[in-house]
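A structural walkthrough
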Amino acid sequence: MKQACLDNSADTTIAALRSDFPVLQQEVHGQRLVYLDSAASAQVPRQVIAAIADYQSHDHANVHRGVHTLSHRATEAYEGARDKVQAFINARSRSEIILTSGTTEGINLVAQSFCRPVLKPGDKILITHLEHHSNIVPWQIVCEQTGAELVVAPIDSSGQLDQDAFFSMLDDRVKMVAAVHVSNALGTVNPVREITARCHALDIPVLLDGAQGVPHMTVDMQNLDCDFYAFSSHKMYGPTGVGVLYGKESLLDEMPPYQGGGDMILEVTFDGTTYNDLPYKFEAGTPNISGVVGLGAAVDYLQAVGLEKVSAHEADLLSYMMQQLSAIPDIQLYGTAASKASVQSFLLTDVHAHDLGTILDHQGIAVRTGHHCAMPVMQYFGIPGTARASLGLYNNTDDIDRLVAGIEKARQVFA
Amino acid sequence: MTVATLQPNSELRDLYQELILDHSRRPRNFGKLGDATHIADGINPLCGDKLRLYLRLEDDQVVAAAFEGTGCAISVASASLLTEIVTGLDRTTALNYFEDVVAHLNGKLPAGLHTPELGRVQALEGVREFPARVKCATLAWQALESAISGQSRPATTE
């Protein structure tokens with residue numbers, strides 16, 4: 001039945017896009033590369049590579065400085081990418097788009113600039129048990145600095161947030177809620193609109209870690225209504241080292257700068273400094289200009305393909321993958337929530353994830369193994385780690401058939 | 001997929017040879033050593049594997065060794081072999097063994113070889129074809145070095 005789904009026109013369009021990704025056109029250990037690690041970092045299409053090369057070859061100079069032609073072009077390219085991101089996530093204003101080095105920096109910025117000045121001993125920050133380390137450690141640090149307490153909402157054995165428990169933990173001591181949009185380890189899609197609505201009813205601000213959300217579905221800031229949303233370029237077919245922090249303008253306006261330096265100032269004297277307006281107040285120093293240009297090109301690419309098509313293709317593939325994996329003897333699947341993105345964690349009985357990963361790699365199949373920077377999720381299941389296959393728009397059923405055959409081989413080695 | 005293509009190739013067979021699989025399935029000296037005099041943790045932050053190595057030294061000689069923890073086949077087999085190998089060695093010989101094993105598995109022998117014969121540790125040398133897995137094989141040995149030299153921080157592979 002899956003075959004019928006995958007023969008539709010959306011999939012044919014999507015499948016043809018595989019040729020846009022030069023890195024996929026290679027063999028690893030003598031076999032066609034099967035890349036199933038997009039949740040760690042997605043591959044980059046030639047259009048993005050070309051945009052970066054074109055910028056570096058013709059337009060590079062520092063931004064927001066100088067009157068010369070190249071500086072103007074570089075500024076246009078950089079600020080043009082910001083506008084693309086604004087449209088892509090439907091933010092109200094370009095002032096709400098802070099260009100960062102990635103999701104991690106965005107979350108640290110909010111912890112330090114938004115939370116630290118106001119948190120007091122006895123206050124609480126609420127996160128979920130699904131979080132990646134980048135949405136745990138920045139909050140632990142600000143709790144240490146202020147005497148606030150980090151509290152964690154539980155999940156169930158399918159990897160789904162226990163919503164009743166979560167909502168019951170909201171009280172007037174909770175000053176911030178930070179939750180993952182899509183779990184990187186388990187694929188669970190959190191009910192983020194409901195989380196935001198319930199928190200806002202109690203005047204609690206909400207940050208969403210969207211690193212795994214943006215590559216898989218249309219994300220609309222005005223619809224989600226969250227206060228902050230952080231994501232990374234390299235999970236959405238752009239280069240590494242670049243990301244976005246969306247924040248509501250009224251909140252960003254009130255926040256002190258995160259880092260000091262060039263570009264974030266209007267006037268500096270030794271008596272004091274006047275900070276620049278949004279979004280520049282939060283962008284100290286020369287930014288990753290070519291990376292931001294690449295991010296802009298990745299946004300163009302995803303918009304040209306259409307995220308609805310990407311979502312539909314990945315949903316079909318995920319369902320095929322879960323069905324095929326479930327049929328393997330001695331396999332355990334981790335992350336079986338009703339609402340999931342195209343990620344599947346698994347283990348074979350008595351086979352450590354690293355051994356599985358090595359055997360798969362030797363057949364040209366790239367999966368992530370280990371704790372996926374989400375050690376508490378692994379602790380919940382009482383395991384040190386899993387193997388994880390994560391899908392991107394370029395994957396197809398043949399990739400999944402290769403994965404299944406590869407796992408069979410691992411079973412033989414350890415039989 | 002034919003049966004022939006499902007056969008492990010020779011590099012994989014070298015990595016997961018019978019001695020390794022045997023020690024990973026039935027690790028020797030697995031568990032806590034109640035009267036240990038030297039204890040160290042080994043952590044591989046890359047994968048989250050961790051083990052605790054227990055040694056009992058009497059008159060500068062390792063008279064008992066044990067370990068507990070979780071890990072892949074390579075790290076468990078390596079720890080299991082280690083406990084058998086170091087028992088009976090004096091402190092200096094054990095430390096020399098550590099240096100040789102780490103050098104050997106990183107492909108750096110024979111320079112600096114202390115021990116003429118690495119014995120069954122050579123079963124681990126298949127990892128040299130798998131750069132990502134060398135740390136799995138050396139984790140227990142890093143812990144051995146920490147335990148004997150009395151390091152208070154856990155040994156890590158990084």
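Below: a short report on this structure. Everything quoted here is computed from the prediction, not taken from an experiment.

Overview of the pairing of strand β14 (residues 343-348) of chain A
Residues and elements named next belong to chain A.
- Here β14 lies mainly inside the structure; five of its six residues are buried.
- In this sheet, β14 lies alongside strand β13 (residues 331-334) in antiparallel orientation, the contact comprising four bridges. Paired with I331 across the strands is L348, a residue of β14.
- Bridging between β14 and strand β17 (residues 386-390) involves four bridges; their strand directions are antiparallel. Paired with V343 across the two strands is S390, which belongs to β17.

Quick look at the packing of helix α4 (residues 69-88) of chain A against helix α11 (residues 289-305) of chain A
All names here are of chain A.
- Interaxial distance between α4 and α11 falls to 8 Å at its minimum, and their mutual angle equals 40°. In this view, α4 runs oblique relative to α11, as classed from their interaxial angle. Seen from above, α4 lies across α11 with left-handed handedness. Contact with α4, carried on its side by A74, A77, Y78, G80, A81, K84, V85 and F88, involves I289, V292, V293, L295, G296, V299, D300 and Q303 of α11 and no other residues of that element.
- Of the residues that constitute the contact of α4 with α11, the class distribution is 11 nonpolar, three polar and two charged.

Quick word on helix α4 (residues 73-86) of chain B
Residues and elements named next belong to chain B.
- Here α4 contains 14 residues, and its C-alpha end-to-end distance of 20 Å stays within 8% of the 20 Å for a straight helix at 1.5 Å per residue.
- Taking burial as the measure, the 14 residues of α4 include 13 buried ones, the bulk of the element.
- In the stretch just after α4, G88 is the one whose phi turns positive, near 100°.

Brief notes about α4 of chain A
All names here are of chain A.
- Given a rise of 1.5 Å per residue, 20 residues ought to cover 28 Å, and the 28 Å separating the end C-alpha atoms of α4 matches this to within 8%.
- Within α4, burial applies to A74, A77, Y78, A81, R82, V85, Q86 and F88.
- The secondary structure elements touched by the buried residues of α4 are α3 (46-59), β4 (97-100), β10 (243-247) and α11.
- Positive backbone phi, approximately 55°, marks N90, located one or two places after α4.

Some remarks on the interface of chain B and chain A
- Counting from both sides, the interface comprises 18 residues of chain B and, opposite them, 18 residues of chain A.
- Of the residues contributing to the side of chain B that touches chain A, the split by class is 11 nonpolar, four polar and three charged.

Focus on the packing of α4 of chain B against helix α6 (residues 134-149) of chain B
All names here are of chain B.
- Following both chains from N to C, one finds α4 and α6 inclined at 40°, their axes separated by 7 Å at the closest point. Relative to α6, the element α4 lies oblique. Handedness of the α4/α6 crossing: right-handed. Here α4 contributes I74, S75, S78, A79, L82 and V86 to the contact with α6, which in turn contributes C136, A137, L139, A140, W141 and L144.
- For the contact of α4 with α6, the class distribution of residues is 10 nonpolar, two polar and no charged.

Focus on the environment of Y54 of chain B
Residue and element names in this part refer to chain B.
- Structurally, the position occupied by Y54 is in strand β2 (residues 49-58).
- With 23 C-beta atoms packed within 10 Å, Y54 lands in the buried category.
- Taking the C-alpha atoms as reference points, Y54 and H38, 16 residues apart in sequence, are found 6.0 Å from one another.
- Sequence-distant contacts of Y54, defined by excluding residues within four places in its chain, comprise K32, L33, A36, I39, A65, A66 and F67.

Focus: the sheet that holds strand β4 (residues 155-156) of chain B
Residue and element names in this part refer to chain B.
- Spatial ordering of the open sheet is given by β3-β2-β1-β4, a layout of four strands whose pairing is mixed. Two strands close off the open sheet at either side, each with one partner strand: β3 (61-70) and β4.
- As judged from the nine bridges shared by β2 and β3, these two strands associate in the antiparallel manner. Bridged to L57 within β3 is V62.
- Against the sheet, α6 contacts β1 (38-44), β2, β3 and β4, and its axis sits at roughly 150° relative to β1.

Some remarks on the sheet that holds strand β16 (residues 368-370) of chain A
All names here are of chain A.
- Strand order across the open sheet formed by four strands is β13-β14-β17-β16, with antiparallel pairing between neighbours. Of all the strands in the sheet, just β13 and β16 have a single pairing partner and so form its edges. The mean inter-strand angle of the sheet, taken between neighbouring strand axes irrespective of direction, is 30°.
- Sheet analysis places β16 next to β17, joined by three bridges and oriented antiparallel. In the sheet register, R368 faces β17, and the bridge partner there is R388.
- Docked against the sheet, helix α13 (residues 353-361) engages β14, β16 and β17, running at close to 155° with respect to β16.

How each quantity is defined
Residues numbered from 1 in each chain as written. Chains lettered and ligands numbered in written order. Predicted model: local features only at pLDDT ≥ 70, side-chain atom pairs only at ≥ 80, totals over all residues. Buried ≥ 20, exposed ≤ 12 C-beta atoms within 10 Å, placed from the backbone. Helix = DSSP H or I, 4+ residues; strand = E, 2+ residues; numbered from the N terminus. Pairing = 2+ DSSP bridges. Axes fitted to C-alpha atoms, helices over the stretch in contact; angles between N-to-C directions. Parallel < 35°, antiparallel > 145°, perpendicular 65-115°, else oblique. Left-handed = near helix turned anticlockwise from the far one by under 90°. Contact = placed C-beta atoms within 7 Å. Nonpolar A, V, L, I, M, F, W, Y, C, P; charged D, E, K, R; others polar. Expected span 1.5 Å × (residues − 1).

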